[in-house]
Amino acid sequence: MDQKLIKSLLEAAAYPEPTAEVRLIETHVSYIFITDHFVYKVKKAVDFGFLDFTTLDRRRFYCGEEVRLNRRLCPEVYLGVVELRETPHGAGFTGGGKVIDYAVKMRRLPEERMLDRLLNEGGGGASDMVRIAKAVAAFHAGAARGPQIDACAAPGRIAGNWEQNFRQSAPFIGSTLQEGELAEIRQWVAAFLAANDSLFRERIAGGFIRECDGDLHSGNICLTDPVCIFDCIEFNDEFRYIDTAADLAFLLMDLEYAGRAPLARELLAAYCEASGDRGMAPLLHFYQAQRAFVRGKVTSLRLAQAGQSAQESAALHAAARRYFRLARGYTLRGRLTPTLILTCGLSGSGKSSLAGELSRELGLDLTRSDLVRKELAGIPSAGRAENGGYREGIYNDRMDRATYGALLDAAERTLSGGRGAVVDATFKRRADRELFRGVAARLGVPFMVVETRCPEAVARERLERRRHDPAEVSDARWEQYQLQRGEFEFPEPGESLLLDSTLPVWDEADRVYAAMGLLT
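The rules behind the values
Residues numbered from 1 in each chain as written. Predicted model: local features only at pLDDT ≥ 70, side-chain atom pairs only at ≥ 80, totals over all residues. Heavy atoms only, no water. Helix = DSSP H or I, 4+ residues; strand = E, 2+ residues; numbered from the N terminus. Buried < 20%, exposed > 50% of the residue type's maximum accessible area, 1.4 Å probe, protein only. Contact = heavy atoms within 4.5 Å. Salt bridge = Lys/Arg side-chain N within 4 Å of Asp/Glu carboxyl O. Axes fitted to C-alpha atoms, helices over the stretch in contact; angles between N-to-C directions. Parallel < 35°, antiparallel > 145°, perpendicular 65-115°, else oblique. Nonpolar A, V, L, I, M, F, W, Y, C, P; charged D, E, K, R; others polar. Left-handed = near helix turned anticlockwise from the far one by under 90°. Disulfide = S-S within 2.5 Å. Pairing = 2+ DSSP bridges. Polar contact = N/O pair within 3.5 Å; in protein donor to acceptor, adjacent residues only side chain to side chain. Core = buried A, V, L, I, M, F, W, Y, C linked by side-chain atoms within 4.5 Å. Expected span 1.5 Å × (residues − 1). Arc of directions from axis to C-beta. Phe/Tyr/Trp six-rings, centres within 6.5 Å; stacked < 30°, edge-to-face > 60°.

### As for the overall build of the protein chain
Inference 1: A tally of regular secondary structure across the protein chain gives 20 helices and 15 strands.
Inference 2: Projecting the C-alpha coordinates of the protein chain onto the three principal axes gives extents of approximately 75 × 55 × 45 Å.
Inference 3: Evaluated residue by residue, the protein chain yields a buried proportion of 52% over its 520 residues.
Inference 4: Considering only contacts within the protein chain whose residues lie at least 6 apart along the sequence, 71% involve residues at least 24 apart.

Dropping the structure here:
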């Protein structure tokens, strides 16, 4: 679709219903035009190997398939296929001009109830996961099955799908995907398939291969009443003919990617309860890795879209890189025993970014002192707390002791439950670090202090940037930095793994993994 047609579709006159505005969202496969009450989705004339929309007939057919398949889960939203016609001003969904394309017409869903938006804003809770789990379990129970569908989940077919993804991701090596990471993932996939052939066949015999959704992630879920799950895979049958575990694994991965691992655990527990499927656990990391890898590939493809700003391209690049890293992280988790990691360093030294990445990639529970401190004080997490001078208000000695005590209790509960933990705080006092070391020793789990450092100019720039971020939870500012530095009890040589946080956070994470013995 050329720019003239796109421009004409941004005009209210192109639509049969009155609308005050029209907004465009562009993906790697679609143009999505959003009016006040409806959404019109036009497929791009693209061929990525795993989908082919290059002819008008194909686009019409797959528009029909999109409506048919999505009505299984969201019947009131998908209104039908409409014709896009030539008009004197370019194109529109009115008039009697020549048909130049087709679109899926949908009712517009409330954006404030979209799960991905709620997650970004810190929303979403256990009750939401229960509602989603029940909806997905009911859908899976009634989804079609049969020999043709079962055949798509044979180990050989799954291996073939992985190989296709590896080939299609080759152009991104050196950019969003590193060659060494690809080699590790490829080796792990081959070993997993070889070792678990009987498990895959048991899932087939047990009736768990169904015509699923295929694209079950937070961006495709709206927490209306009832829950609306939309935009399933319509362009490739094999992407829907999958294990129900693979379908659920997408959303589990997506929640972990968003840093909401506790919600992923809530969702899994609720789904197992609703579905009665207690045998999927050994396959989940395999399917989560597959979903993260595909997401990395698809996000990388979006980098080729024209008209992106430098900021948009950088955000896409970082997202794709993080998806590929998460895929590799799932391959490491089988070698990991419950471990306690402390991130230690001056404010602005990069410890929180590293803690978040370690938590995401290894599935460790993350506890942040900034959040715990404000929760104890009964104040909102975002926005700066009102304090007097340095070490006053919620940063006085009493609140310090309470905060580190709560962090210690949380770490002990996590480790006692068989999960690893990363605790993000300055840990400027050696005595605090030793308390955590003592808990790890008592529980018999590995313990590591990771210290981050950077030049003062870098720390200052980071701290100044926080002033303008309304979502920032840390109150640390440059004017406090020197005072903090003067009283910091830095780890002695050999007490910590010292990292330069001016490196990419992924390089830092790999140094931690190497020190933990996770990388060969």
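### Things to note about the pattern of salt bridges
Inference 1: Summed over all chains, the structure comprises 49 salt bridges.
Inference 2: The salt bridge involving Asp197 is made with Arg201; its shortest N-O contact spans 2.9 Å. Here the residue Asp197 and the residue Arg201 both occupy positions in helix α8 (residues 197-205), the gap between them amounting to 4 residues, near one helical turn.
Inference 3: Notably, a salt bridge pairs Glu461 with Arg465, separated by 2.3 Å at the nearest N-O pair.

### Some thoughts on the packing of helix α13 (residues 310-333) against helix α20 (residues 505-516)
Inference 1: Contact geometry for α13 and α20: axes closest at 12 Å, N-to-C directions at 10°. Between α13 and α20, the angle is such that the two are roughly parallel. Between α13, through Ala318, Arg321, Arg322, Arg325, Arg328 and Leu332, and α20, the contact on the second element is made entirely by Trp506, Ala509, Asp510 and Tyr513.
Inference 2: Looking at the contact of α13 with α20 residue by residue, the class counts come to 5 nonpolar, no polar and 5 charged.

### Focus: the packing of helix α18 (residues 456-466) against helix α19 (residues 478-486)
Inference 1: Packing of α18 against α19 leaves a shortest axis separation of 9 Å and a crossing angle of 135°. In this view, α18 runs oblique relative to α19, as classed from their interaxial angle. Crossing of α18 against α19: the hand is right-handed. Taking contact as the criterion, the partners of Glu456, Ala459, Arg460, Leu463 and Glu464 in α18 are, on α19, Trp478, Tyr481, Gln482 and Arg485.
Inference 2: Class assignment for the residues of the contact of α18 with α19 results in 4 nonpolar, 1 polar and 4 charged.

### Focus: the state of the cysteines
Inference 1: The final tally for this structure, using the stated rule, is 1 disulfide.
Inference 2: Here Cys74 pairs with Cys228 through a disulfide, and the sulfurs are 1.6 Å apart. The sign of the S-S torsion, about -105°, decides the handedness of the disulfide formed by Cys74 and Cys228: left-handed. Of this pair, Cys74 sits in the loop between α2 (56-70) and β4 (78-87) while Cys228 sits in strand β9 (residues 228-229), placing them 154 residues apart in sequence.
Inference 3: A relative accessible area of 4% means that Cys74 is categorised as buried.
Inference 4: Residue class for Cys228 comes out buried when judged on its relative accessible area of 4%.
Inference 5: With no disulfide of its own, Cys152 lies closest to Cys212 among cysteine sulfurs, the gap being 11 Å.
Inference 6: What makes Cys152 buried here is its relative accessible area of 6%.

### Structural notes on the sheet that holds strand β1 (residues 23-26)
Inference 1: Taken together, 6 strands build an open sheet; the order of strands is β1-β2-β3-β6-β4-β5 and the sheet is antiparallel. Strand pairing shows two members of the sheet lacking a second neighbour, β1 and β5 (90-92), which therefore form its edges. Averaged over all pairs of adjacent strands, the angle between their axes in this sheet comes to 30°, without regard to strand direction.
Inference 2: As paired strands, β1 and strand β2 (residues 30-34) are joined by 4 bridges and run antiparallel to one another. Bridging across to β2, Leu24 finds its partner in Phe33.
Inference 3: Against the sheet, α2 makes contact with β3 (38-43), β4 and β6 (99-107), and its axis sits at roughly 10° relative to β6, the strand it touches most.

### With respect to the side chain of Thr19
Inference 1: Looking at the element boundaries, Thr19 is found in the loop between α1 (3-8) and β1.
Inference 2: Here Glu21 takes part through its backbone oxygen, which lies 2.7 Å from a polar atom of the side chain of Thr19.
Inference 3: Non-local contacts of Thr19, meaning those with residues more than four positions away in its chain, are made with Ala12, Thr35 and Asp36.

### Digging into unusual backbone geometry
Inference 1: Of note, the bond from Asp225 into Pro226 is cis; its omega dihedral lies within 30 degrees of zero at 5°.
Inference 2: Inspection of the secondary structure assignment puts Pro226 in the loop between β8 (221-222) and β9.
Inference 3: Positioned with a positive phi, Asp231 is a non-glycine residue whose angle comes to about 60°.
Inference 4: With respect to the helices and strands, Asp231 occurs in the loop between β9 and α9 (237-240).
Inference 5: One non-glycine residue, Phe427, lies in positive phi territory at about 50°.
Inference 6: As for its placement among the helices and strands, Phe427 is situated in the loop between β13 (421-424) and α17 (430-443).

### Re the sheet that holds strand β12 (residues 365-368)
Inference 1: Sheet architecture is open: 5 strands sit in the order β12-β13-β11-β14-β15, paired in parallel fashion. Each end of this open sheet is capped by a strand with a single partner; those strands are β12 and β15 (497-500). Neighbouring strand axes in the sheet, compared pairwise and without regard to direction, differ in orientation by 20° on average.
Inference 2: Against the sheet, α20 engages β11 (340-344), β14 (447-453) and β15, with an angle of about 160° to β15.

### Observations concerning the nonpolar core
Inference 1: Ile132, Trp162, Ile221, Leu267, Phe286, Tyr287 and Phe293 are the most contacted members of the largest nonpolar core, which totals 58 residues.
Inference 2: Sorting elements by how many residues they give to this core places helix α10 (residues 244-257) first, with 10 residues.
Inference 3: Leaving out residues up to four positions away in the same chain, Phe286 has contacts with Ile158, Trp162, Trp188, Val189, Phe192, Leu193 and Phe200.
Inference 4: Counting residues in each nonpolar core, the second largest holds 26 residues, with Cys344, Leu407, Ala459 and Leu463 among its members.

### Section: helix α7 (residues 179-195)
Inference 1: For α7, which comprises 17 residues, the first-to-last C-alpha distance of 24 Å matches the rise-based estimate of 24 Å (1.5 Å per residue) to within 8%.
Inference 2: Within the sequence span of α7, burial applies to Glu181, Leu182, Ile185, Trp188, Val189, Phe192 and Leu193. The buried residues of α7 all sit within an arc of 135° when viewed along its axis, so they share a single face. Opposite its buried face, α7 presents the exposed residues Glu179, Gln187, Ala194 and Ala195, each directed more than 90 degrees away.
Inference 3: For α7, the elements touching its buried residues are α6 (155-169), α8, α12 (281-301) and α13.

### Regarding the packing of aromatic side chains
Inference 1: As enumerated under the stated definition, the model contains 27 aromatic pairs in all.
Inference 2: Summarising the aromatic geometry, the rings of Trp188 and Phe286 are spaced 6.0 Å apart at their centres and angled 35° between planes, so their arrangement reads as tilted. Of the two residues, Trp188 is situated in helix α7 and Phe286 in helix α12; the sequence distance between them amounts to 98 residues. Per residue, the accessibility class of Trp188 equals that of Phe286, and both read buried.

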